[in-house]
Amino acid sequence: MTRTGPTDDIDEADVTVSAPKSKAAGLTAVLVSMRRSLEQMGAVRTARSLARVNQHNGFDCPGCAWPEPLGHRRPAEFCENGAKAVAEEATLREVTPEFFAAHSVAELADKSGYWLGQQGRLTRPMVLRSGATHYTPIEWDDAYRLIADELLALDSPDRAVFYTSGRTSNETAFLYQLLVRSFGTNNLPDCSNMCHESSGTALTASIGIGKGSVSIDDVAHADLILIAGQNPGTNHPRMLSTLEAAKANGAKIIAINPLPETGLRGFRDPQTVKGVVGSGIEIADEFLQIRLGGDMALFQGLGRLLIEAEDRAPGTVLDRAFIDKYCAGFDAYADHLRAVDMDTVLEATGLSRTQLDDTAAALIASQRTVTCWAMGLTQHTHAVATIEEATNLLLLRGMIGKPGAGVCPVRGHSNVQGDRTMGIFEKMPESFLAALETEFGISSPRRHGLDTVDSIKAMRDGRARVFMAMGGNFVSATPDTEVTEAALRNCSLTVQVSTKLNRSHVVPGAQALILPTLGRTDLDIRGGTKQHVSVEDSMSMVHLSTGRLTPVSDQLRSEVAIVCELAEALLGSDHRVPWARFAVDYDRVRDSISRVVPGCTDYNVRVRERNGFLLPHPPRDSREFVTDTGKANFAVNDLTWVPTPAGKLILQTMRSHDQYNTTIYGLDDRYRGVKGGRQVLLVNAEDIAELGFHDGDHVDIVSEWRNGDALQERRVKNFRIVAYSTPKGNAAAYYPETNPLVPLDHVAKKSNTPVSKAVVVRLEPAGSP
Ligand SMILES: Nc1nc2c(c(=O)[nH]1)N[C@H]1C(S)=C(S)[C@@H](COP(=O)(O)OP(=O)(O)OC[C@H]3O[C@@H](n4cnc5c(=O)[nH]c(N)nc54)[C@H](O)[C@@H]3O)O[C@H]1N2
Ligand SMILES: Nc1nc2c(c(=O)[nH]1)N[C@H]1C(S)=C(S)[C@@H](COP(=O)(O)OP(=O)(O)OC[C@H]3O[C@@H](n4cnc5c(=O)[nH]c(N)nc54)[C@H](O)[C@@H]3O)O[C@H]1N2
Ligand SMILES: [Mo]
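All of the points below concern the structure found in this document. Just so it is clear, the structure is predicted and the values come from calculations on it, not from any experiment.

## Observations regarding the pairing of strand 7 (residues 160-164)
Most of strand 7 is tucked away: five of the five residues are buried. The alternating pattern of strand 7 places Ala160, Phe162 and Thr164 on one face and Val161 and Tyr163 on the opposite face, and all of these are buried. Alignment of strand 7 against strand 16 (residues 466-470), held across five bridges, turns out to be parallel. In the sheet register, Val161 faces strand 16, and the bridge partner there is Phe467.

Here you go:
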C-alpha cells in the first residue's frame, strides 16, 4: 500500500497498443481488483470493504446502477470495476492542508484529472479567498456563513445553480432539493441531463414513466435481448452474469454497437471455476456493427419489416390485441414506416439487408424481448426519437408489462435514478411540489429551473453567479471545456461537496470552497447512532446502504449534515423545516419522504426489508399508461442519421476500462489493448489511409460546428491514431480528454443532452498551428 499519491503525471509517450481481448473478466479481473484494492486501502480495509459490497446490511456499490440479484447473493457481489470504485473511495491516501499549502491552484490546474484524483481523499474544508493563490483551511461554520452570505446577496435565488451528481443518496437528494426550493429556485441541474435524460424524455412520452420496465429476472428470462449503445463489460460488468443466466435459459443476444466491445463478445465469470480456467462463454449471438447515430434508422427499418410481414400474413406478427387495447397512434406509425426508404436505412446503419432481415426474424420469433441501452443511444441529436423508435418496436409485439420483456435503459451512476425520484429535477411536476409544500409549509417556486447546459450558459453570461455541486466533477463532465471553465471562473463563488480532488476544484470562481464529505463506504455516526442511507437501482428497487469504514479524517461531514447545516445558516434556525432534527436522525428524513414521494409509503419499514422494495411502475405492474392519451403512444419521427462529411470523421467520446466518468483509475484500457496513456483516437484503417495518415501517427483533432453562418473550431492536441475496428467514417476517443471538442450548443432535441457521441472532426498532423 502507498499512502501518498503519484508525483509524476501521465506521459502520453508511454502509450502502447496491442490486439483487443476477446473475453471479458476472468482471472485477470480478479487480480487487477486485488492489486488496486491493496495499493489504495491495504489488506484490512480491502477485506472489510469488499466483503460488504452489495450485501444485505452492507453498502451499495458506488459503481454502476445494475441491480443486485433478488434471491441468493454470492459472497463477492461486485466486479473488477466495482472493486476499483471502492478502492478509489476507501483509499488511505489523504489530501491535507499541507498539500494545499505546497501546491498553488495554478500549479494544480496544470495537472491531469488522473493525477489530482490519485492524491487521495479530501480531509478538511478549504477555502480559496478572492485573489489568493492557494486554498487554506476554513472552519465548517465559517464555510456555511460564506455560502449563505453570497446566496443572500444575489438579487434573485435564480442567480444560483445547484448541481447534483448521481452518487448522492436519496436522503441527501431529498433534503438538497428541499433546501434549494425553500431558498426559492428550481435550478437543479444534474448529471442525468448529460446521461439518460433522453431516455426519461422518450419513455415518459411513450409509456408515461421515464424508467425501465424490467426486473433483473425479466432480463434473465427473456428469449431475445437487444443491447444497443452500451458497453457492459466495462461499465456494467455484473450485467454479464445476468446475460450469462439468460443465455443458459436459451436467450439470443444481439449487440448493436460501432465497436466490437469485448464484454459483448465473450465473458469468463471470475466467480466460477469454469470462468477462471475455462474458455468462458460467448455473449452476443449477433453483432450489428452499426454506424454512429444509425440506430433510429435501424429501428425504423425493423419496424417496416415487421409491418410488412404482418401485411403479408395478417394476425401472425403484431400483437393486435395489445395494440388495440393499450396503444394510441398505431395507424399513423404504420403508414409512416411503410414509407421508410430501405436504401437510406442501409446507408445510415452501414448494415446489410440480410442482417436486417435476420434481426426482424428474431424479433418475430421472440415471445419475450428486452431492449437494453445506454449512452450510445442517449447522446445524439435524435436520441429521444431513437429511444421512442426502440419503444415502438416493443409495443408492436406487446413487449411491455409482461414477464421477460420490456425497456431497459441501463443507468450509470449508482443512485442517479433515485436522485430524480427524490426531486432533483429542474422541472418537477406540480403534484410533487404541492406535496412538498403540504409536508413542510414552505412555498416552492413553480418557474422551471436550469438544466446542465442552460446553467453553463447562465454562468457564462453572468446570469448565474453562485455555483454549488453536490458531488461530481462539473468542469470535466460537461461539454465545451473551455467555455465551461470560463463560465465557472465567472462566478462569485463556487462550492464543491466532494470526496476526492478533481479539476472542478482548480477552476474556481472568484472565491471557492471545497467541502469534504463521507462516501458510500464510510461509517456515518450522527447523534450517537449509526446512520443508513438509501438508494434506488436501475430497476426501481430501493434499499438501504450502510458504510462501515472509519473515515480518513474526523473533519468529514455527511452530505445530509452538510445540507442541513447549510440550510440553517441560510434559512435561519427557526425555519419551518426541522433541519437540526434531520441532521442527526435520517429516519425522520425518510418519514417525510414517505409522505411526499409517490410510492414511498412506509419508507422506513420497507427500505429495511431484505431486498428493499420496488417502486411502482404502472406499465410494468398493470399495463397502465399515464400519458397524454392515456395509452402507450406510438411515436412518429422523421428519419435522422449522421452522414460523414467528405474528409471528416464522426467522433464518439466514451469510457475506457480504467475510469469512472472523470475519475481515472489507471491507464489500462485492457479490453481494447490500449495501455499507458489516454490520448488515442480509434480510427478505421481505410479512413486512416484515405486521410493520408498512418497507424501510430500523432494528430490534433479539430471539431467543426456551424453556428448559424459561422464555422466554429475547437481543438485538442497530440492524439495517437490507432487502427481499430469501427465503421468507416466513425472514430472513437476517451471522455473527458475530448470534451473540449463537444460544442455547448450541440444538444439532443427535447432532452438538451450534449451530443457526445457524434462530433464532426477533421484531423491535422500534430503540431499544426
Ligand atoms: N467502470 C465504469 N462503470 C461505469 C461508468 C464508468 O465510467 N466506468 N460510468 C457510469 C455511467 S454514469 C454511465 S452513464 C454508464 C455508461 O455506460 P456506457 O453507455 O456503456 O458508456 P460509454 O463508454 O459512453 O459507451 C457507449 C457505448 O455505446 C457505443 N456507441 C456509441 N455511439 C453509438 C451509437 O450511435 N449507436 C450504438 N448502437 N452504439 C454506440 C460505444 O461504442 C460504447 O460501446 O456506465 C456507468 N458505469
Ligand atoms: N464527452 C462526454 N461527456 C460526458 C459523458 C460522455 O459519455 N462523453 N458522459 C456523461 C455522463 S453519462 C455523466 S453521468 C456525467 C458524469 O458527471 P459527474 O457525475 O459530474 O462526474 P463524476 O466523474 O462521476 O464525478 C466524480 C467526482 O465526484 C466526487 N464524488 C465521488 N463520490 C462522491 C460522493 O459520494 N459524494 C460526493 N459529494 N462526491 C463524490 C469526487 O470528488 C469525484 O471527483 O458525465 C457526462 N459527460
Ligand atoms: Mo451517466
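Let's pick the thread back up.
## Focus on the site of ligand 2
Around ligand 2, the structure places 31 residues, and the nearest of them are Tyr163, Ser165, Ala477, Glu559 and Thr662. The contact in question runs from an oxygen atom of ligand 2 to an N or O atom on the side chain of Ser165, over 2.7 Å. Separating a nitrogen atom of ligand 2 from a side-chain N or O atom of Arg167 is a distance of 3.2 Å. In the complex, the protein chains occlude 96% of the 930 Å² of accessible area that ligand 2 would expose alone. Of the residues contributing to the shell around ligand 2, the split by class is nine nonpolar, 17 polar and five charged. Counting contributing residues, the shell around ligand 2 receives three or more from each of domain 1 (122-195 + 415-584) and domain 3 (649-765).

## Notes on the sheet that holds strand 34 (residues 759-765)
Ordered in space as 25-33-30-32-31-34, the six strands form a closed barrel in which the pairing is mixed. Neighbour-to-neighbour, the strand axes of the sheet open up by a mean angle of 45 degrees, direction not taken into account. Relative to strand 34, strand 31 (residues 698-707) runs antiparallel, the two being bridged by five bridges. Residue pairing in the sheet places Asp700 in a bridge with Glu764 of strand 34.

## Concerning the sheet that holds strand 28 (residues 668-669)
A sheet is described by the order of its strands in space; here three strands give the open sequence 1-29-28, paired in antiparallel fashion. Of all the strands in the sheet, the pair left with one neighbour each is strand 1 (16-17) and strand 28. Bridging between strand 1 and strand 29 (residues 674-675) involves two bridges; their strand directions are antiparallel. Residue pairing for strand 29: Thr16 is matched across the bridge by Lys675.

About the thresholds
Residues numbered from 1 in each chain as written. Chains lettered and ligands numbered in written order. Predicted model: local features only at pLDDT ≥ 70, side-chain atom pairs only at ≥ 80, totals over all residues. Heavy atoms only, no water. Buried < 20%, exposed > 50% of the residue type's maximum accessible area, 1.4 Å probe, protein only. Helix = DSSP H or I, 4+ residues; strand = E, 2+ residues; numbered from the N terminus. Pairing = 2+ DSSP bridges. Near = heavy atom within 4 Å. Polar contact = N/O pair within 3.5 Å; in protein donor to acceptor, adjacent residues only side chain to side chain. Areas by Shrake-Rupley, 256 points an atom, 1.4 Å probe, with all protein chains shown as cover. Nonpolar A, V, L, I, M, F, W, Y, C, P; charged D, E, K, R; others polar. Domains from an automatic or database assignment. Axes fitted to C-alpha atoms, helices over the stretch in contact; angles between N-to-C directions.

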